[in-house]
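In case you want the letters, here they are:
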Amino acid sequence: MSLALTNDTKLPEVVPPLTRREATDEALRCYYCYDAPCITGCPTRIDIPRFIHQIATGDLSQAARTIMDANILGATCARICPTEALCEAQCVRVQDSRAVSIGRLQRVAMDHAMEHGTPALPQLEEGRGRVAVIGAGPAGMSAAAHLARRGYAVEIFEQKEEGGGLDTYGIVSYREPMRVSLFEVETVRKLGVKFHFGRKIDALQDFRTLQEQYDAIVVAIGMGKVPKWGIPGEDLPGVYDALDLVEQTKTRPLSDITLGPHVIVVGAGNTAVDAATCAKRLGASDVSILYRRGEAAMPAYRYEYEFAKQDGVIYRWWTMPIAIEGASRVEAVRCVKTQVRTGDPSDRQSPLDIIPESEFVLPADTIILAIGQEKNAGIGQMIGAATHRGRVVVNESTYETSIKNVYAVGDCLAPFGEAMVVQAVADGKMAAQAIHERLRKTMAPQKGEKHG
Amino acid sequence: MADLSVDFAGIHSPNPFWLASGPLTNTQYQVMKAFDEGWGGAVWKTVGEPVINVSSRLGAIDYGGRRMMGLNNIELISDRPLDDNLREIAEVKRLYPGNALVVSMMFESVASVWRDMVKRVEDTGADGIELNFGCPHGMSERGMGSIVGQVPEYTETITRYAAQATSLPVIVKLTPNVTDIRPPGRSAVSGGAGALSLINTINSVMGVDLNTWRPLPDVDGQGSHGGYCGPAVKPIALHMLSSLYNDPGIRVPLCGIGGIETWRDAAEFMLLGASVVQVCTAAMHYGFRIIHEMTEGLNDYLTERGLSRVADLVGQAAPRIGGWKDLRLSTSFQVVAHIDPATCIGCNLCVVACDDGAHQCIDRPSHQKAPVVREEDCVGCNLCSLVCPVPGCIAMNPVDKGYIDTWSGHELPAQ
Ligand SMILES: Cc1cc2nc3c(=O)[nH]c(=O)nc-3n(C[C@H](O)[C@H](O)[C@H](O)COP(=O)(O)OP(=O)(O)OC[C@H]3O[C@@H](n4cnc5c(N)ncnc54)[C@H](O)[C@@H]3O)c2cc1C
Ligand SMILES: Cc1cc2nc3c(=O)[nH]c(=O)nc-3n(C[C@H](O)[C@H](O)[C@H](O)COP(=O)(O)O)c2cc1C
């Protein structure tokens, strides 16, 4: 499936870039703290005060270097990181004013780099060896970039036609335009990483071959497909998995996607917000989100919730679908009302009861399921690595699996629901560092030899 | 990668950024930490006969919500025992042979004292000495510091005491508290200085507390004049630096000091003649870590401009600073303001500035937001473009009348 880059202009970014003046003003709000709390809020440990200071003094290219040195996906993270919950939550200015807009400032620097070229990155201690990475999402690209900067020969095997993983195929364009993700793929390529697209590694034999040819392997395959839900009518035409729908908006002309006027989204996480706001932009007039619990238990971030409401999305709380109905395609969804049996209504573990005789029917042209991805234990089982509760087990500091020299990073490790790009990038970087630590001992560079 | 290393009066330094003598260079711990962060060199806190300090010691002025635009201090030279200082200096030099380590000194004006002290500093292995003829408070009341720097004969005499006693490069640090920096500069050179550094701090009183009527900073209610530094003093330092660089009587390398906070500041000092720069206030404000941005930015700047070495910048802009009498008079050349209506936001700051503070040549047409300059009346003073909050909105366009007219041409021939 080729990419529909022109959809970037049809689904323009919701958050506008800061103007040059806004950027300077905002940068000057930063106190340039020492040992700054915001840095501890960032899994990749970007030196935030430094890059903001560089923006304040007009050194945008240097600011981009500071960011990319720590986080090669700085442009993506500037847009889709839940900064309110990470760096900005730690900003000292929360105490005397409001947090510095770190994410939007990061975007200023990264936009500059996208426009004027990426700065050369600081040199890192070099090593020597060959590394294979499976999956070209944020986690795999981060590991690959870091190793390439250290002079390793790195090759990525990716099942899809392009890199970027969910950044390219799963994030709605009005939050991160496709060109941003592709810029990052290009950045990683320029660091010397070799991409092999259309290469799915899903047979043990493929994996064994990689093991023979490379000194280390990084598994970065993300989460699996959304599981079947198990209610009647789920397979009717007109029922979408949220991720599939988003992927369509990134790979097909928008005019090919017809949802009809009445759209119902099931689930109340961040993905549901993406699905609902996407449906609005694709022309649906009436979009509602059904959630079997109340507002207090909603897993979406506050700003996502606000965004959905601003778009006119209607929330129906304490509502649980029990069947999707329709003759040859979706026509309606049958629901019941729920309530908490015991315990705190804001606790997602509290048991629910169906309210007797509460059944009702909502008409719908399209149903979008946003009920979460599955853990990807598949490859772990295939290669024989230890797994626990459906995910690959790794050493906490090195990310090595139970198989020597095989590492796993990113969403394929993430506990359900906590997946973030910035965590995937941090994982990738840390695994790369561990690989370097291992390989530099075993394979000291030979004098005068050039590589990378 | 450009080559940031420099040779300054025979002192090698991995980059042109040094810490100035002051609270940052008081101890071995600090100087080693600074070298680890990337500073090329350091000038040790002025050593001398031990003193006793007062408390408090610093005052600052904030401007437009930003802190410490200017800093003032009434701190004296090092209050640590001389032996401790010298032992630590030797230790730092032993551990960091590649960094430039200069020892700032201030002693009473007695030749034998200087001879002995210079020898002791030499024994530490330090790369050079800096004579503090600049401290404008406290020490000056004891016949040292700026009292020396303000009298060219004293400057020459004491420089000679030190220079004759050592083979190390002697840098004389000048005080800006003079009407013309050149005579003391020349005297230092004739006394044997291998280099000059400037500026030390400028005499100042920071302010008065409106509730208590106490001066700032105060020592139990009483204040004294103190040395002013920080971003606010940079233009004064640039002036003094360029006038020394352009003086034919001064053929020694110069070290620029005063208000340097970013690599851009440093590059300006270099373009006006500094081979090396020293930083005090900015590092006191933000810590040694600012060196990263400084070396990174300077390196990128040199690389972008195709320059391979720092030395390629030194003095390049200095010839452009000369006498007023050689400037073209507005009879032959002027600039005229132009307000871009597309970017004007309609704040009218240029209007009021021109009307009240300049030449009444900006009109406000009723049909549009943007004011318009009456070009035939504009004298080209720049004020409107300086007050305009929108970058690039007011351009000052040159109008060249095609001939040269300067005040020199109007002067009567010398009698
Ligand atoms: C709808 C949605 C919205 C999101 N919004 C945000 C957000 O706002 N902010 C945020 O921080 N995070 C968000 N996330 C989460 C974020 O996208 C992930 O955490 C991140 O992409 C994880 O990176 P990864 O590299 O581990 O996995 P992925 O991005 O999933 O990349 C895995 C890659 O591996 C490839 N692959 C899989 N199996 C194989 C195989 N066998 N052989 C070869 N290649 C293979 C895949 O094709 C893919 O390219 C969102 C996720 C979704 C689904
Ligand atoms: C608190 C303080 C103490 C200082 N002590 C000394 C000193 O002992 N010897 C000296 O030569 N200069 C001393 N200085 C002056 C600085 O070295 C420097 O010349 C001056 O501050 C200008 O640089 P800046 O604008 O970067 O601060 C001191 C400055 C400050 C702020």
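Keep in mind it's a predicted model, so treat the numbers as computed, not measured. (Residues numbered from 1 in each chain as written. Chains lettered and ligands numbered in written order. Predicted model: local features only at pLDDT ≥ 70, side-chain atom pairs only at ≥ 80, totals over all residues. Heavy atoms only, no water.)

1. Considering the overall build of chain B
- What chain B contains, in helices and strands, is 13 helices and 20 strands.
- Expected size for 415 residues packed as a compact globule is a radius of gyration near 22 Å; at 24 Å, chain B falls within 12% of this value.
- With respect to the principal axes defined by its C-alpha atoms, chain B has extents near 75 × 55 × 55 Å.
- Counting only residues that meet the buried cut, chain B has 53% of its 415 residues in that class.
- Considering only contacts within chain B whose residues lie at least 6 apart along the sequence, 72% involve residues at least 24 apart. (Helix = DSSP H or I, 4+ residues; strand = E, 2+ residues; numbered from the N terminus. Rg over C-alpha atoms; globule rule 2.2 N^0.38 Å. Buried < 20%, exposed > 50% of the residue type's maximum accessible area, 1.4 Å probe, protein only. Contact = heavy atoms within 4.5 Å.)

2. Focus: the interface of chain B and chain A
- Between chain B and chain A, the contact holds 15 residues from the first and 14 residues from the second.
- Carbon and sulfur atoms make up 40% of the area that chain B and chain A hide from each other, which totals about 1300 Å².
- It is Arg289(B), Glu293(B) and Glu296(B) in chain B that bury the most area against chain A; as a group they hold 40% of the surface buried on that side.
- Counting every contact that joins chain B to chain A gives four salt bridges.
- Here Arg65(A) ties to Asp300(B) by a salt bridge, and the two come within 2.8 Å at their closest N and O atoms.
- There are 13 residue pairs in polar contact (both at pLDDT 80 or more) connecting chain B and chain A.
- If you list the elements that add at least two residues to the side of chain B that touches chain A, you get α8 (263–271) and α10 (290–304) of chain B.
- The greatest single-element share of the side of chain B that touches chain A, amounting to six residues, is contributed by α10(B).
- The class makeup of the residues in the side of chain B that touches chain A is five nonpolar, three polar and seven charged. (Buried area = accessible area lost by both parts, 1.4 Å probe. Salt bridge = Lys/Arg side-chain N within 4 Å of Asp/Glu carboxyl O. Polar contact = N/O pair within 3.5 Å; in protein donor to acceptor, adjacent residues only side chain to side chain. Nonpolar A, V, L, I, M, F, W, Y, C, P; charged D, E, K, R; others polar.)

3. Considerations on the packing of helix α4 (residues 48–56) of chain A against α10(B)
- Running from N to C, α4(A) and α10(B) cross one another at 50°; their axes reach a closest spacing of 11 Å. Here α4(A) is positioned oblique relative to α10(B), judged by the angle of their axes. Crossing geometry of α4(A) relative to α10(B) is assigned as right-handed. For the pair α4(A) and α10(B), the contacting residues are Arg50(A), His53(A) and Gln54(A) in the first and His292(B), Glu293(B) and Glu296(B) in the second. (Axes fitted to C-alpha atoms, helices over the stretch in contact; angles between N-to-C directions. Parallel < 35°, antiparallel > 145°, perpendicular 65-115°, else oblique. Left-handed = near helix turned anticlockwise from the far one by under 90°.)

4. Things to note about the side chain of Thr277(A)
Residue and element names in this part refer to chain A.
- Along the chain, the position of Thr277 falls in helix α14 (residues 270–281).
- Accessibility expressed as a relative area gives 0% for Thr277, which makes it buried.
- At a separation of 2.5 Å, a polar atom in the side chain of Thr277 contacts the side chain of Tyr174.
- Reaching out from Thr277, the side chain makes a polar contact with the backbone oxygen of Val273 at a distance of 2.7 Å.
- For Thr277, the contacting residues outside a window of four places in its chain are Tyr174, Phe307, Ala308 and Asp311.

5. A closer look at the sheet that holds strand β15 (residues 254–257) of chain B
Residue and element names in this part refer to chain B.
- One closed barrel accounts for eight strands, arranged β3-β4-β7-β8-β9-β10-β15-β16; its pairing is parallel. On average, adjacent strands in this sheet sit at an angle of 25° to one another, irrespective of strand direction.
- Pairing between strand β9 (residues 170–173) and strand β10 (residues 195–198): three bridges, direction parallel. By the bridge assignment for β10, Val172 is matched with Leu196.
- The strands that α8 touches are β3 (17–19), β15 and β16 (274–279); relative to β16, the one it contacts most, it runs at about 145°.
- Seen against the sheet, α10 touches β3 and β16 and runs at an angle of roughly 160° to β3. (Pairing = 2+ DSSP bridges.)

6. Thoughts on the confidence of the model for chain B
- Scored by pLDDT, chain B has a mean of 96; 99% of the residues are at 70 or more.
- This prediction of the complex comes with two scores: 0.92 for pTM and 0.89 for ipTM. (pLDDT = per-residue confidence, 0-100.)

7. Some remarks on the site of ligand 2
Residue and element names in this part refer to chain B.
- Close to ligand 2 lie 24 residues; Ser21, Thr46, Lys173, Gly259 and Thr281 are nearest.
- In this structure, an oxygen atom belonging to ligand 2 sits 2.9 Å away from a side-chain N or O atom of Lys45.
- Contact distances for ligand 2 include 2.8 Å between an oxygen atom and a backbone N or O atom of Gly230.
- Expressed as a share of its isolated accessible area of 610 Å², the protein-covered part of ligand 2 is 98%.
- Applying the majority rule of atoms within 2 Å of the grid points places ligand 2 in the largest cavity.
- Of all the elements in the fold, those that place two or more residues in the shell around ligand 2 are β4 (41–47), β6 (66–73) and α9 (281–286). (Near = heavy atom within 4 Å. Areas by Shrake-Rupley, 256 points an atom, 1.4 Å probe, with all protein chains shown as cover. 1 Å grid on protein atoms, 1.4 Å probe; cavity = no way out; pocket = protein on both sides within 12 Å on 5 of 7 lines; lining within 4 Å. Sits in = over half its atoms within 2 Å of the grid points.)

8. Details of the pairing of β16(B)
Residue and element names in this part refer to chain B.
- Where burial is concerned, most of β16 is hidden: six out of the six residues are buried.
- The pairing of β3 with β16 spans three bridges and is classified as parallel. Across the sheet, the residue bridging to Phe17 is Val277, located in β16.
- Relative to β16, β15 runs parallel, the two sharing four bridges.

9. Side note on the site of ligand 1
All names here are of chain A.
- The immediate surroundings of ligand 1 are formed by 32 residues, with Ile80, Glu158, Arg175, Asp411 and Val421 found nearest.
- Between ligand 1 and Ile201, the relevant distance is 3.0 Å, taken from a nitrogen atom to a main-chain nitrogen or oxygen of the residue.
- Separating an oxygen atom of ligand 1 from a backbone N or O atom of Val421 is a distance of 2.9 Å.
- Taking 990 Å² as the accessible area of ligand 1 by itself, protein coverage stands at 92%.
- Those elements that place two or more of their residues in the shell around ligand 1 are α9 (138–149), β2 (153–158), α14 and α17 (421–442).

10. Structural notes on the nonpolar core
- Trp39(B), Met105(B), Leu196(B) and Leu298(B) are the most contacted members of the largest nonpolar core, which has 95 residues in total.
- No other element matches the six residues that α10(B) contributes to this core.
- The residues contacting Trp39(B), other than those within four sequence positions of it, are Asn15(B), Phe17(B), Trp18(B), Leu19(B), Ala34(B), Asn99(B), Val279(B), Ala283(B), Phe288(B), Ile290(B), Ile291(B) and Met294(B).
- Core analysis: the second largest hydrophobic core is formed by 91 residues, Leu121(A), Val133(A), Val180(A) and Ala220(A) among them. (Core = buried A, V, L, I, M, F, W, Y, C linked by side-chain atoms within 4.5 Å.)

11. A short note on the UniProt feature "domain: Dihydroprymidine dehydrogenase" (unreviewed entry) in chain A
- Here, UniProt's "domain: Dihydroprymidine dehydrogenase" (unreviewed entry) annotation points to residues 11–117 of chain A.
- The span residues 11–117 of chain A is 56% helical and 0% strand by assignment, and the distance between its end C-alpha atoms comes to 25 Å. (UniProt positions renumbered as here; feature names shortened; annotations may be inferred.)

12. Some thoughts on the packing of aromatic side chains
- A complete count under the given rule lists 13 aromatic pairs over all chains for this structure.
- With a centroid separation of 4.9 Å and an interplanar angle of 45°, the aromatic rings of Tyr32(A) and Tyr286(B) are classed as tilted. Linking Tyr32(A) in the loop between α2 (20–29) and α3 (37–40) with Tyr286(B) in helix α9, this pair reaches from one chain into another. Neither residue differs from the other here; Tyr32(A) and Tyr286(B) are each classed as buried.
- With a centroid separation of 5.5 Å and an interplanar angle of 10°, the aromatic rings of Tyr301(A) and Tyr303(A) are classed as stacked.
- For Tyr301(A), a relative accessible area of 29% puts it in the partly exposed group.
- A relative accessible area of 27% places Tyr303(A) in the partly exposed class.
- The structure contains a cluster of three or more aromatic residues connected by ring pairs, namely Tyr291(A), Tyr305(A), Tyr315(A) and Trp317(A). (Phe/Tyr/Trp six-rings, centres within 6.5 Å; stacked < 30°, edge-to-face > 60°.)

13. Description of the domain arrangement of chain B
- Examined at the domain level, chain B breaks down into domain 1 (6–320) and domain 2 (324–412).
- When each unit is reduced to the centre of its C-alpha atoms, the spacing between domain 1 of chain B and domain 2 of chain B is 39 Å. (Domains from an automatic or database assignment.)

14. A few points about the pattern of salt bridges
- Using the criterion set out here, one finds 48 salt bridges over all chains in the structure.
- Of the charged contacts, one joins Glu296(B) and Arg65(A) as a salt bridge, the two residues approaching to 2.7 Å between their closest N and O atoms. Remark: Arg65(A) occurs in helix α5 (residues 60–70) and Glu296(B) occurs in helix α10; the pair is interchain, linking two chains.
- According to the relative accessible area criterion, Arg65(A) is buried, its value standing at 11%.
- One salt bridge in this structure joins Lys325(B) and Asp326(B), with 3.6 Å as the shortest N-O distance.
- The partly exposed category is assigned to Asp326(B), whose relative accessible area is 48%.
- In this structure, a network of salt bridges that share partners links the residues Glu13(A), Arg79(A), Arg107(A) and Asp111(A).

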